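Next come the chains, spelled out residue by residue.
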Amino acid sequence: MTSINYAKHTATLCSSYSNALQHINGPYRAVLVHSGVEHHYFGDDRAVSFQAYGHLLHWIPVNRPNQFVYFRPNEKPVYFQIVPSDFWHEQDINVDPAWDQQFTIVRLVTLDELAKQLQQLSKSDLAYIGESPAVASSLGIDKSLINPQALLAYLDFSRAIKSDYELDQLRAANQLALLGHRAAKACFLEGGTEFEIHLAFLQATAHLEDESPYTNIVALNEKAAILHYQFKRKANEDKGQVLLIDAGCRVNAYGSDITRTSVSEDVHPKFRSLVQAMEELELALVAEVCPGKTYQSLHQSTLTRLARVLIDNDICNGSEENLIALDIPQLFMPHGVGHLLGVQVHDVGGHQADSIGTLLPPPANSPALRNTRVMEADMVFTVEPGLYFIPLLLEAQRNSSKGKLINWKNVDELYCCGGIRIEDNIRVTDDGAENLTRQFE
Ligand code: GLY
Ligand code: MN
Ligand code: MN
(Lines give C-alpha, C1' and ligand atoms only; values in the text may rest on other atoms or scores of the structure.)
(Ligands and ions follow the chains in the order given, each with its own letter.)
Protein backbone atom coordinates (compact mmCIF):
# COMPACT_ATOMS: atom_id res chain seq x y z
CA MET A 1 0.00 0.00 0.00
CA THR A 2 1.44 3.43 -0.92
CA SER A 3 1.39 5.18 2.41
CA ILE A 4 1.52 8.78 1.10
CA ASN A 5 -1.58 8.40 -1.06
CA TYR A 6 -3.28 6.37 1.66
CA ALA A 7 -2.55 9.12 4.20
CA LYS A 8 -4.09 11.67 1.81
CA HIS A 9 -7.06 9.38 1.25
CA THR A 10 -7.81 9.04 4.96
CA ALA A 11 -7.33 12.81 5.36
CA THR A 12 -9.93 13.34 2.63
CA LEU A 13 -12.27 10.94 4.39
CA CYS A 14 -11.80 12.80 7.66
CA SER A 15 -12.77 16.08 5.92
CA SER A 16 -15.71 14.43 4.24
CA TYR A 17 -17.06 12.99 7.50
CA SER A 18 -16.44 16.30 9.32
CA ASN A 19 -18.28 18.20 6.58
CA ALA A 20 -21.14 15.71 6.72
CA LEU A 21 -21.54 16.19 10.47
CA GLN A 22 -21.34 19.95 10.16
CA HIS A 23 -23.81 20.24 7.26
CA ILE A 24 -26.33 17.85 8.72
CA ASN A 25 -26.01 19.39 12.15
CA GLY A 26 -27.92 16.48 13.66
CA PRO A 27 -27.92 15.10 17.20
CA TYR A 28 -24.67 13.20 16.58
CA ARG A 29 -21.07 14.44 16.63
CA ALA A 30 -19.22 11.19 15.96
CA VAL A 31 -19.70 8.14 13.73
CA LEU A 32 -19.08 4.43 14.23
CA VAL A 33 -18.75 2.47 10.96
CA HIS A 34 -19.31 -1.29 11.28
CA SER A 35 -18.09 -3.89 8.76
CA GLY A 36 -21.02 -6.20 9.54
CA VAL A 37 -21.76 -9.52 11.18
CA GLU A 38 -21.34 -13.08 10.08
CA HIS A 39 -24.51 -14.78 8.71
CA HIS A 40 -25.35 -18.46 8.52
CA TYR A 41 -27.54 -20.41 6.14
CA PHE A 42 -30.93 -21.26 7.63
CA GLY A 43 -30.80 -24.39 9.77
CA ASP A 44 -27.10 -24.79 9.10
CA ASP A 45 -23.87 -24.00 10.93
CA ARG A 46 -22.14 -22.97 7.72
CA ALA A 47 -21.42 -19.26 7.31
CA VAL A 48 -22.34 -17.25 4.23
CA SER A 49 -19.31 -15.75 2.51
CA PHE A 50 -18.71 -12.46 4.34
CA GLN A 51 -18.74 -9.12 2.60
CA ALA A 52 -17.83 -6.04 4.63
CA TYR A 53 -19.90 -2.87 4.37
CA GLY A 54 -18.60 -0.50 1.69
CA HIS A 55 -18.17 2.46 4.05
CA LEU A 56 -15.85 0.40 6.27
CA LEU A 57 -13.82 -0.74 3.26
CA HIS A 58 -13.62 2.88 2.16
CA TRP A 59 -11.52 3.52 5.30
CA ILE A 60 -9.62 0.27 5.58
CA PRO A 61 -9.49 -2.89 3.43
CA VAL A 62 -10.35 -5.50 6.06
CA ASN A 63 -13.04 -7.88 4.86
CA ARG A 64 -13.92 -9.28 8.28
CA PRO A 65 -16.93 -9.18 10.59
CA ASN A 66 -17.03 -6.79 13.54
CA GLN A 67 -14.39 -4.33 12.47
CA PHE A 68 -15.16 -0.73 13.39
CA VAL A 69 -13.90 2.72 12.54
CA TYR A 70 -14.73 5.41 15.07
CA PHE A 71 -14.60 8.95 13.77
CA ARG A 72 -14.84 12.21 15.71
CA PRO A 73 -13.78 15.48 14.03
CA ASN A 74 -10.31 16.75 14.93
CA GLU A 75 -9.30 13.42 16.49
CA LYS A 76 -7.28 10.61 14.99
CA PRO A 77 -9.77 7.98 13.85
CA VAL A 78 -9.80 4.77 15.89
CA TYR A 79 -9.84 1.35 14.27
CA PHE A 80 -11.40 -1.13 16.72
CA GLN A 81 -10.42 -4.63 15.67
CA ILE A 82 -12.48 -7.40 17.24
CA VAL A 83 -10.34 -10.53 17.11
CA PRO A 84 -12.32 -13.30 18.83
CA SER A 85 -10.66 -16.16 20.69
CA ASP A 86 -11.45 -18.95 18.25
CA PHE A 87 -9.57 -22.14 17.51
CA TRP A 88 -11.79 -23.10 14.53
CA HIS A 89 -10.74 -20.27 12.26
CA GLU A 90 -7.84 -17.98 11.52
CA GLN A 91 -8.83 -14.75 13.23
CA ASP A 92 -5.58 -12.83 13.25
CA ILE A 93 -5.44 -9.64 11.20
CA ASN A 94 -2.13 -8.47 9.81
CA VAL A 95 -1.83 -4.77 10.38
CA ASP A 96 -0.44 -2.86 7.43
CA PRO A 97 2.05 -0.22 8.71
CA ALA A 98 0.15 2.35 6.62
CA TRP A 99 -2.97 1.80 8.77
CA ASP A 100 -0.96 2.17 11.93
CA GLN A 101 -0.03 5.71 10.96
CA GLN A 102 -3.59 6.78 10.16
CA PHE A 103 -5.52 5.16 13.00
CA THR A 104 -5.23 4.50 16.66
CA ILE A 105 -5.60 0.74 16.49
CA VAL A 106 -7.33 -0.94 19.42
CA ARG A 107 -7.44 -4.71 19.44
CA LEU A 108 -10.30 -6.27 21.43
CA VAL A 109 -11.72 -9.75 21.86
CA THR A 110 -15.46 -9.13 22.31
CA LEU A 111 -18.18 -6.62 21.51
CA ASP A 112 -18.70 -6.13 25.27
CA GLU A 113 -15.19 -4.75 25.48
CA LEU A 114 -16.02 -2.37 22.66
CA ALA A 115 -19.19 -1.24 24.45
CA LYS A 116 -17.05 -0.30 27.48
CA GLN A 117 -14.59 1.64 25.33
CA LEU A 118 -17.41 3.53 23.61
CA GLN A 119 -19.01 4.49 26.93
CA GLN A 120 -15.86 6.42 27.71
CA LEU A 121 -15.63 8.02 24.27
CA SER A 122 -19.05 8.91 23.07
CA LYS A 123 -21.29 10.89 25.45
CA SER A 124 -24.49 9.67 23.70
CA ASP A 125 -23.69 11.57 20.52
CA LEU A 126 -22.50 8.63 18.42
CA ALA A 127 -24.20 7.64 15.16
CA TYR A 128 -23.85 4.09 13.85
CA ILE A 129 -23.74 3.08 10.20
CA GLY A 130 -23.84 -0.57 9.27
CA GLU A 131 -26.07 -3.57 8.87
CA SER A 132 -26.84 -4.48 12.48
CA PRO A 133 -29.16 -2.38 14.65
CA ALA A 134 -28.84 -5.21 17.22
CA VAL A 135 -25.07 -4.72 17.47
CA ALA A 136 -25.53 -0.94 17.59
CA SER A 137 -28.02 -1.26 20.48
CA SER A 138 -25.73 -3.67 22.33
CA LEU A 139 -23.03 -0.99 22.06
CA GLY A 140 -25.34 1.50 23.77
CA ILE A 141 -26.22 3.54 20.67
CA ASP A 142 -29.63 5.15 20.66
CA LYS A 143 -32.13 3.83 18.08
CA SER A 144 -32.56 7.28 16.56
CA LEU A 145 -28.82 7.40 15.74
CA ILE A 146 -28.68 4.13 13.80
CA ASN A 147 -28.16 4.63 10.06
CA PRO A 148 -29.33 8.26 9.94
CA GLN A 149 -30.67 8.85 6.45
CA ALA A 150 -29.00 12.25 6.00
CA LEU A 151 -25.57 10.86 6.95
CA LEU A 152 -25.87 7.88 4.61
CA ALA A 153 -27.00 10.10 1.74
CA TYR A 154 -23.99 12.39 2.24
CA LEU A 155 -21.46 9.56 2.49
CA ASP A 156 -22.95 7.54 -0.39
CA PHE A 157 -22.90 10.58 -2.65
CA SER A 158 -19.24 11.35 -1.82
CA ARG A 159 -18.04 7.82 -2.62
CA ALA A 160 -18.39 8.42 -6.37
CA ILE A 161 -15.33 10.70 -6.43
CA LYS A 162 -12.08 8.79 -6.01
CA SER A 163 -8.87 9.84 -4.29
CA ASP A 164 -5.45 9.17 -5.84
CA TYR A 165 -5.11 6.16 -3.55
CA GLU A 166 -8.41 4.74 -4.78
CA LEU A 167 -7.45 5.34 -8.40
CA ASP A 168 -4.21 3.44 -7.79
CA GLN A 169 -6.19 0.45 -6.48
CA LEU A 170 -8.64 0.60 -9.38
CA ARG A 171 -5.81 0.72 -11.93
CA ALA A 172 -4.15 -2.26 -10.24
CA ALA A 173 -7.45 -4.19 -10.19
CA ASN A 174 -7.82 -3.54 -13.92
CA GLN A 175 -4.26 -4.53 -14.75
CA LEU A 176 -4.62 -7.79 -12.83
CA ALA A 177 -8.00 -8.67 -14.34
CA LEU A 178 -6.59 -8.25 -17.84
CA LEU A 179 -4.15 -11.09 -17.12
CA GLY A 180 -7.22 -13.19 -16.40
CA HIS A 181 -9.01 -12.05 -19.55
CA ARG A 182 -5.98 -12.96 -21.65
CA ALA A 183 -5.82 -16.44 -20.10
CA ALA A 184 -9.58 -16.88 -20.47
CA LYS A 185 -9.50 -16.00 -24.17
CA ALA A 186 -6.63 -18.42 -24.81
CA CYS A 187 -8.54 -21.19 -23.01
CA PHE A 188 -11.66 -20.43 -25.08
CA LEU A 189 -9.75 -20.55 -28.37
CA GLU A 190 -8.35 -23.95 -27.35
CA GLY A 191 -11.89 -25.25 -26.90
CA GLY A 192 -12.18 -24.88 -23.12
CA THR A 193 -15.49 -25.26 -21.29
CA GLU A 194 -17.07 -22.45 -19.27
CA PHE A 195 -15.74 -24.14 -16.15
CA GLU A 196 -12.20 -24.35 -17.53
CA ILE A 197 -12.28 -20.74 -18.73
CA HIS A 198 -13.46 -19.63 -15.28
CA LEU A 199 -10.57 -21.54 -13.63
CA ALA A 200 -8.10 -20.08 -16.14
CA PHE A 201 -9.22 -16.59 -15.09
CA LEU A 202 -8.92 -17.34 -11.38
CA GLN A 203 -5.53 -19.01 -11.80
CA ALA A 204 -4.07 -16.15 -13.83
CA THR A 205 -5.25 -13.56 -11.31
CA ALA A 206 -4.52 -15.64 -8.18
CA HIS A 207 -8.07 -15.08 -6.96
CA LEU A 208 -10.28 -17.33 -4.91
CA GLU A 209 -13.90 -17.08 -6.06
CA ASP A 210 -14.81 -15.38 -2.78
CA GLU A 211 -12.23 -12.69 -3.42
CA SER A 212 -13.77 -11.62 -6.72
CA PRO A 213 -15.80 -8.40 -6.74
CA TYR A 214 -18.75 -10.36 -8.21
CA THR A 215 -19.46 -13.84 -9.52
CA ASN A 216 -17.65 -14.31 -12.83
CA ILE A 217 -19.97 -14.49 -15.83
CA VAL A 218 -18.50 -16.99 -18.27
CA ALA A 219 -20.92 -17.68 -21.09
CA LEU A 220 -20.39 -19.64 -24.27
CA ASN A 221 -22.62 -19.27 -27.32
CA GLU A 222 -26.36 -18.84 -26.60
CA LYS A 223 -25.74 -18.37 -22.85
CA ALA A 224 -24.11 -15.03 -23.65
CA ALA A 225 -27.67 -13.71 -23.97
CA ILE A 226 -28.25 -14.19 -20.23
CA LEU A 227 -27.07 -10.95 -18.66
CA HIS A 228 -25.94 -12.37 -15.31
CA TYR A 229 -25.51 -16.02 -16.39
CA GLN A 230 -24.42 -17.79 -13.22
CA PHE A 231 -23.47 -21.35 -14.20
CA LYS A 232 -20.24 -22.78 -15.58
CA ARG A 233 -20.92 -25.76 -17.84
CA LYS A 234 -18.34 -28.50 -17.50
CA ALA A 235 -18.83 -30.00 -20.95
CA ASN A 236 -19.07 -28.53 -24.44
CA GLU A 237 -21.61 -29.95 -26.87
CA ASP A 238 -19.89 -28.08 -29.67
CA LYS A 239 -16.76 -26.03 -29.73
CA GLY A 240 -17.51 -22.54 -28.42
CA GLN A 241 -17.94 -19.93 -31.13
CA VAL A 242 -18.60 -17.02 -28.78
CA LEU A 243 -17.22 -16.26 -25.34
CA LEU A 244 -18.70 -13.48 -23.24
CA ILE A 245 -16.69 -13.17 -20.04
CA ASP A 246 -17.51 -10.53 -17.45
CA ALA A 247 -14.94 -10.85 -14.69
CA GLY A 248 -12.96 -8.59 -12.39
CA CYS A 249 -10.43 -8.57 -9.58
CA ARG A 250 -10.07 -6.92 -6.23
CA VAL A 251 -7.09 -4.98 -4.97
CA ASN A 252 -7.35 -3.63 -1.42
CA ALA A 253 -11.14 -4.01 -1.69
CA TYR A 254 -11.45 -2.02 -4.94
CA GLY A 255 -12.95 -3.97 -7.81
CA SER A 256 -12.57 -3.98 -11.56
CA ASP A 257 -15.54 -4.97 -13.72
CA ILE A 258 -14.50 -5.88 -17.25
CA THR A 259 -16.31 -7.67 -20.07
CA ARG A 260 -14.83 -8.98 -23.27
CA THR A 261 -16.56 -10.84 -26.09
CA SER A 262 -14.39 -13.11 -28.25
CA VAL A 263 -15.28 -15.17 -31.27
CA SER A 264 -13.82 -18.24 -32.97
CA GLU A 265 -12.68 -18.34 -36.62
CA ASP A 266 -15.88 -20.06 -37.75
CA VAL A 267 -18.39 -17.80 -36.01
CA HIS A 268 -21.30 -16.44 -38.10
CA PRO A 269 -19.76 -13.57 -40.14
CA LYS A 270 -22.61 -11.26 -39.21
CA PHE A 271 -21.90 -11.82 -35.53
CA ARG A 272 -18.21 -11.11 -36.11
CA SER A 273 -19.16 -7.77 -37.73
CA LEU A 274 -21.43 -6.99 -34.80
CA VAL A 275 -18.61 -7.60 -32.31
CA GLN A 276 -16.40 -5.23 -34.30
CA ALA A 277 -19.17 -2.63 -34.41
CA MET A 278 -19.75 -2.89 -30.65
CA GLU A 279 -16.02 -2.49 -29.93
CA GLU A 280 -16.09 0.72 -31.97
CA LEU A 281 -19.32 1.83 -30.33
CA GLU A 282 -17.87 1.34 -26.85
CA LEU A 283 -14.74 3.36 -27.65
CA ALA A 284 -16.86 6.12 -29.18
CA LEU A 285 -18.87 6.29 -25.94
CA VAL A 286 -15.72 6.51 -23.82
CA ALA A 287 -14.60 9.40 -26.04
CA GLU A 288 -17.83 11.22 -25.11
CA VAL A 289 -17.07 11.16 -21.38
CA CYS A 290 -16.24 14.56 -19.85
CA PRO A 291 -17.07 16.54 -16.74
CA GLY A 292 -20.45 18.28 -16.76
CA LYS A 293 -22.14 15.73 -19.00
CA THR A 294 -24.96 13.62 -17.56
CA TYR A 295 -24.54 9.87 -17.50
CA GLN A 296 -28.11 9.65 -18.81
CA SER A 297 -27.01 11.43 -21.98
CA LEU A 298 -24.31 8.78 -22.43
CA HIS A 299 -27.00 6.14 -22.13
CA GLN A 300 -29.18 7.90 -24.70
CA SER A 301 -26.20 8.15 -27.03
CA THR A 302 -25.69 4.40 -26.60
CA LEU A 303 -29.26 3.68 -27.69
CA THR A 304 -28.91 5.96 -30.73
CA ARG A 305 -25.61 4.38 -31.73
CA LEU A 306 -27.02 0.92 -31.15
CA ALA A 307 -29.96 1.71 -33.45
CA ARG A 308 -27.40 2.55 -36.16
CA VAL A 309 -25.53 -0.73 -35.61
CA LEU A 310 -28.80 -2.70 -35.80
CA ILE A 311 -29.75 -1.03 -39.09
CA ASP A 312 -26.28 -1.21 -40.64
CA ASN A 313 -26.09 -4.93 -39.90
CA ASP A 314 -29.60 -5.80 -41.15
CA ILE A 315 -30.88 -6.78 -37.75
CA CYS A 316 -33.52 -4.06 -37.96
CA ASN A 317 -35.21 -2.13 -40.74
CA GLY A 318 -36.41 1.46 -40.72
CA SER A 319 -34.75 4.62 -39.54
CA GLU A 320 -32.80 5.40 -36.39
CA GLU A 321 -35.68 7.70 -35.37
CA ASN A 322 -38.26 4.90 -35.81
CA LEU A 323 -36.24 2.51 -33.71
CA ILE A 324 -35.63 5.02 -30.94
CA ALA A 325 -39.27 6.13 -30.88
CA LEU A 326 -40.38 2.53 -30.37
CA ASP A 327 -37.66 1.66 -27.79
CA ILE A 328 -36.37 -1.08 -30.06
CA PRO A 329 -32.69 -0.75 -29.09
CA GLN A 330 -33.73 -1.68 -25.52
CA LEU A 331 -34.99 -5.06 -26.81
CA PHE A 332 -31.36 -5.77 -27.70
CA MET A 333 -29.82 -4.00 -24.69
CA PRO A 334 -32.18 -4.07 -21.71
CA HIS A 335 -29.57 -2.87 -19.21
CA GLY A 336 -28.09 0.56 -18.58
CA VAL A 337 -24.77 1.53 -20.12
CA GLY A 338 -23.03 1.27 -16.76
CA HIS A 339 -22.76 2.14 -13.09
CA LEU A 340 -20.48 3.72 -10.52
CA LEU A 341 -17.59 1.51 -9.45
CA GLY A 342 -15.44 1.33 -6.31
CA VAL A 343 -15.42 -0.86 -3.21
CA GLN A 344 -18.75 -2.21 -4.47
CA VAL A 345 -19.08 -3.29 -8.06
CA HIS A 346 -22.39 -1.43 -8.37
CA ASP A 347 -21.28 1.41 -6.16
CA VAL A 348 -23.69 3.49 -4.09
CA GLY A 349 -25.17 6.89 -4.85
CA GLY A 350 -25.82 6.31 -8.57
CA HIS A 351 -29.37 7.68 -8.38
CA GLN A 352 -28.62 10.66 -6.13
CA ALA A 353 -28.85 14.20 -7.49
CA ASP A 354 -27.08 15.70 -4.46
CA SER A 355 -25.56 15.00 -1.07
CA ILE A 356 -28.82 15.54 0.77
CA GLY A 357 -30.27 12.52 -0.99
CA THR A 358 -32.61 13.97 -3.62
CA LEU A 359 -33.28 11.05 -5.93
CA LEU A 360 -32.86 11.18 -9.69
CA PRO A 361 -34.49 7.97 -10.92
CA PRO A 362 -33.68 6.41 -14.29
CA PRO A 363 -35.84 7.34 -17.30
CA ALA A 364 -39.02 5.30 -17.85
CA ASN A 365 -37.65 3.84 -21.08
CA SER A 366 -34.49 2.53 -19.36
CA PRO A 367 -35.50 1.52 -15.83
CA ALA A 368 -32.34 -0.55 -15.32
CA LEU A 369 -29.99 2.43 -15.70
CA ARG A 370 -27.97 2.43 -12.46
CA ASN A 371 -26.35 5.83 -12.82
CA THR A 372 -28.03 9.20 -13.36
CA ARG A 373 -25.21 11.37 -11.98
CA VAL A 374 -23.57 14.35 -13.60
CA MET A 375 -19.99 13.42 -14.51
CA GLU A 376 -17.31 15.01 -12.33
CA ALA A 377 -13.53 14.76 -12.36
CA ASP A 378 -12.30 11.60 -10.61
CA MET A 379 -15.68 9.91 -10.73
CA VAL A 380 -15.24 6.27 -11.78
CA PHE A 381 -17.87 4.24 -13.63
CA THR A 382 -18.18 1.51 -16.20
CA VAL A 383 -19.10 1.93 -19.84
CA GLU A 384 -20.63 -1.34 -21.00
CA PRO A 385 -22.82 -1.31 -24.07
CA GLY A 386 -24.30 -4.63 -25.13
CA LEU A 387 -26.22 -6.23 -27.96
CA TYR A 388 -27.97 -9.52 -27.16
CA PHE A 389 -30.37 -11.90 -28.85
CA ILE A 390 -32.64 -12.61 -25.87
CA PRO A 391 -35.53 -14.91 -26.84
CA LEU A 392 -37.65 -13.76 -23.89
CA LEU A 393 -37.65 -10.17 -25.12
CA LEU A 394 -37.56 -10.70 -28.88
CA GLU A 395 -40.11 -13.50 -29.26
CA ALA A 396 -42.74 -11.36 -27.50
CA GLN A 397 -42.43 -8.97 -30.48
CA ARG A 398 -42.44 -11.48 -33.35
CA ASN A 399 -46.00 -10.64 -34.36
CA SER A 400 -46.23 -7.10 -33.01
CA SER A 401 -45.93 -3.78 -34.79
CA LYS A 402 -42.41 -3.39 -33.37
CA GLY A 403 -41.63 -6.83 -34.77
CA LYS A 404 -42.15 -5.51 -38.30
CA LEU A 405 -38.93 -3.54 -37.88
CA ILE A 406 -36.92 -6.64 -36.98
CA ASN A 407 -35.26 -8.85 -39.56
CA TRP A 408 -36.27 -12.24 -38.14
CA LYS A 409 -34.18 -14.32 -40.50
CA ASN A 410 -31.00 -12.79 -39.09
CA VAL A 411 -32.24 -12.88 -35.52
CA ASP A 412 -33.07 -16.58 -35.86
CA GLU A 413 -29.60 -17.27 -37.22
CA LEU A 414 -27.89 -15.31 -34.44
CA TYR A 415 -29.75 -16.67 -31.40
CA CYS A 416 -27.07 -19.37 -31.11
CA CYS A 417 -24.39 -16.68 -30.69
CA GLY A 418 -26.04 -15.19 -27.58
CA GLY A 419 -24.77 -11.66 -27.40
CA ILE A 420 -22.04 -9.12 -26.98
CA ARG A 421 -20.95 -6.87 -24.13
CA ILE A 422 -17.82 -4.74 -24.07
CA GLU A 423 -17.06 -3.18 -20.68
CA ASP A 424 -14.27 -0.86 -19.56
CA ASN A 425 -13.74 1.06 -16.33
CA ILE A 426 -13.51 4.79 -16.82
CA ARG A 427 -12.29 7.71 -14.74
CA VAL A 428 -13.52 11.18 -15.60
CA THR A 429 -10.57 13.58 -15.93
CA ASP A 430 -10.58 17.40 -16.01
CA ASP A 431 -11.30 17.38 -19.73
CA GLY A 432 -12.19 13.85 -20.79
CA ALA A 433 -11.63 10.28 -19.68
CA GLU A 434 -8.92 7.93 -18.50
CA ASN A 435 -9.62 4.39 -19.60
CA LEU A 436 -8.49 2.44 -16.53
CA THR A 437 -8.80 -0.81 -18.49
CA ARG A 438 -7.40 -0.29 -21.98
CA GLN A 439 -4.23 1.41 -20.79
CA PHE A 440 -3.07 -2.05 -19.67
CA GLU A 441 -4.09 -3.98 -22.77
N1 GLY B 1 -20.56 -7.48 -13.72
C2 GLY B 1 -21.86 -6.94 -13.61
C3 GLY B 1 -21.97 -5.70 -14.36
O4 GLY B 1 -21.29 -5.51 -15.34
O5 GLY B 1 -22.65 -4.79 -13.99
MN1 MN C 1 -19.48 -6.47 -15.69
MN1 MN D 1 -20.63 -3.51 -14.90
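Within every chain, residues take consecutive numbers counted from 1 along the sequence as written. Chain A is the first chain written and ligand 1 is the first ligand written, with later ones labelled in order. The predicted origin of the model limits local features to residues at a pLDDT of at least 70 and limits the giving and counting of side-chain atom pairs to 80 or more, whereas totals for whole chains, interfaces and linings rest on all residues. By convention in this description, side-chain values take in all heavy atoms of the structure and omit both hydrogens and water.

**So, the site of ligand 1**
Now for step 1: Close to ligand 1 lie Y214, H228, D246, D257, H339, H346, E384 and E423, which account for all nearby residues.
Now for step 2: Under this definition, polar contacts are N or O atom pairs within 3.5 Å; protein pairs additionally need one hydrogen-donor-capable and one acceptor-capable atom, and for neighbouring residues in sequence, both atoms have to be side-chain atoms. Here E384 contributes a side-chain N or O atom positioned 3.0 Å from an oxygen atom of ligand 1.
Now for step 3: In short, Shrake-Rupley with a 1.4 Å probe defines the accessible areas, and a residue's cover is counted only from the protein chains shown. Against a free-state accessible area of 200 Å², the protein chains account for coverage of 95% of ligand 1.
Now for step 4: The residue inventory of the shell around ligand 1, partitioned by class, reads one nonpolar, three polar and four charged. By convention in these notes, a residue is near a molecule or strand provided one of its non-hydrogen atoms lies within 4 Å of it. Residues are grouped as follows: nonpolar covers Ala, Val, Leu, Ile, Met, Phe, Trp, Tyr, Cys and Pro; charged covers Asp, Glu, Lys and Arg; every other residue, Gly included, is treated as polar.

**Overview of the coordination of the manganese ion (ligand 3)**
Now for step 1: Counted as donors are N, O and S atoms no farther than 2.8 Å from the metal, or 3.2 Å for Na, K and Ca; water is not among the atoms, and sites may therefore look incomplete. Distances from the manganese ion (ligand 3) to its protein donors, D257 (OD), H339 (NE2), E384 (OE) and E423 (OE), fall within 2.1 to 2.2 Å.
Now for step 2: Every geometry call rests on angle ranges, with four donors termed tetrahedral when all angles are between 85 and 135 degrees, four termed square planar and six termed octahedral when opposite donors are over 155 degrees apart and all others are between 65 and 115, and everything else termed irregular. If you look at the manganese ion (ligand 3), its six donor atoms make angles of 51 to 156° with each other, and the shape they trace is irregular.
Now for step 3: Ordering the donors of the manganese ion (ligand 3) by residue number gives the pattern D-x81-H-x44-E-x38-E.
Now for step 4: The distance between the manganese ion (ligand 3) and the manganese ion (ligand 2) comes to 3.3 Å, with D257 serving as a donor to both metals. Of this pair, D257 sits in the loop between β9 (254-255) and β10 (258-263) while E423 sits in the loop between β13 (419-421) and β14 (424-428), and the two are 166 residues apart along the sequence.
Now for step 5: Summary of the burial criterion: residues with accessible area below 20% of their type's maximum are buried, those above 50% are exposed, and those between are partly exposed, where the area comes from a 1.4 Å probe applied to protein chains only. Owing to a relative accessible area of 0%, E423 belongs among the buried residues under this scheme. Only DSSP runs of H or I covering at least 4 residues are called helices, and only runs of E covering at least 2 are called strands; the numbering of each starts at the N terminus.

**Focus: the sheet that holds strand β6 (residues 217-220)**
Now for step 1: Reading across the sheet, the three strands line up as β6-β7-β10 and stay open at both edges, with antiparallel pairing between neighbours. Each edge of the open sheet carries a strand with a single partner, namely β6 and β10. For this sheet, the mean angle separating the axes of adjacent strands, direction not counted, is 10°.
Now for step 2: When DSSP finds two or more bridges between two strands, those strands count as paired. Of the pairings in the sheet, the one linking β6 to strand β7 (residues 242-247) comprises four bridges and is antiparallel in character. Across the sheet, the residue bridging to A219 is L244, located in β7. Where helices are involved, their axes are fitted lines through C-alpha atoms of the stretch in contact, as for all axes, and angles between N-to-C directions lie from 0 to 180°.

**Looking at helix α10 (residues 295-312)**
Now for step 1: Given the number of residues in a helix, its expected span is that number minus one, multiplied by 1.5 Å. Over its 18 residues, α10 runs 26 Å from end to end, which matches the ideal 26 Å to within 8%, given 1.5 Å per residue.
Now for step 2: Turning to α10, its buried residues are Y295, L298, H299, S301, T302, L303, L306, A307, V309, L310 and I311.
Now for step 3: Should any heavy atoms of two residues lie within 4.5 Å, those residues are considered in contact. Structurally, α10 contributes buried residues whose contacts are with α9 (269-288), α11 (320-325), α12 (329-332), β11 (380-383) and β12 (386-388).
Now for step 4: Looking one or two residues beyond α10, the residue adopting positive phi is D314, at roughly 60°.

**Observations concerning the nonpolar core**
Now for step 1: Put simply, buried Ala, Val, Leu, Ile, Met, Phe, Trp, Tyr and Cys residues joined by side-chain atoms within 4.5 Å make one nonpolar core. By size, the foremost hydrophobic cluster in this structure holds 62 residues, and its most contacted members are Y17, L32, W59, I60, F80, L139 and I141.
Now for step 2: Here the element with the most residues in this core is helix α1 (residues 3-24); it accounts for six residues.
Now for step 3: Setting aside residues up to four positions removed in sequence, L32 forms contacts with F68, V69, Y70, L118, L126, A127, Y128, I129, L139 and I141.
Now for step 4: Grouped together as the second largest cluster of nonpolar side chains are 48 residues, F271, I406, C417 and V428 included.

**Some details on the coordination of the manganese ion (ligand 2)**
Now for step 1: The manganese ion (ligand 2) binds to the protein through D246 (OD), D246 (OD), D257 (OD) and E423 (OE); the donor distances cover 2.0 to 2.3 Å.
Now for step 2: Note that the manganese ion (ligand 2) binds six donor atoms; their angles at the metal cover 58 to 170°, and the shape is irregular.

**Structural notes on unusual backbone geometry**
Now for step 1: Phi at N25 takes a positive value of approximately 50°, unusual for a residue other than glycine.
Now for step 2: For N25, the location among the structural elements is in the loop between α1 and β1 (30-34).
Now for step 3: We classify N25 as exposed; its relative accessible area is 53%.
Now for step 4: Non-glycine residue A206 carries a positive phi angle of around 50°.
Now for step 5: Mapped onto the elements, A206 comes out in the loop between α8 (194-205) and β6.

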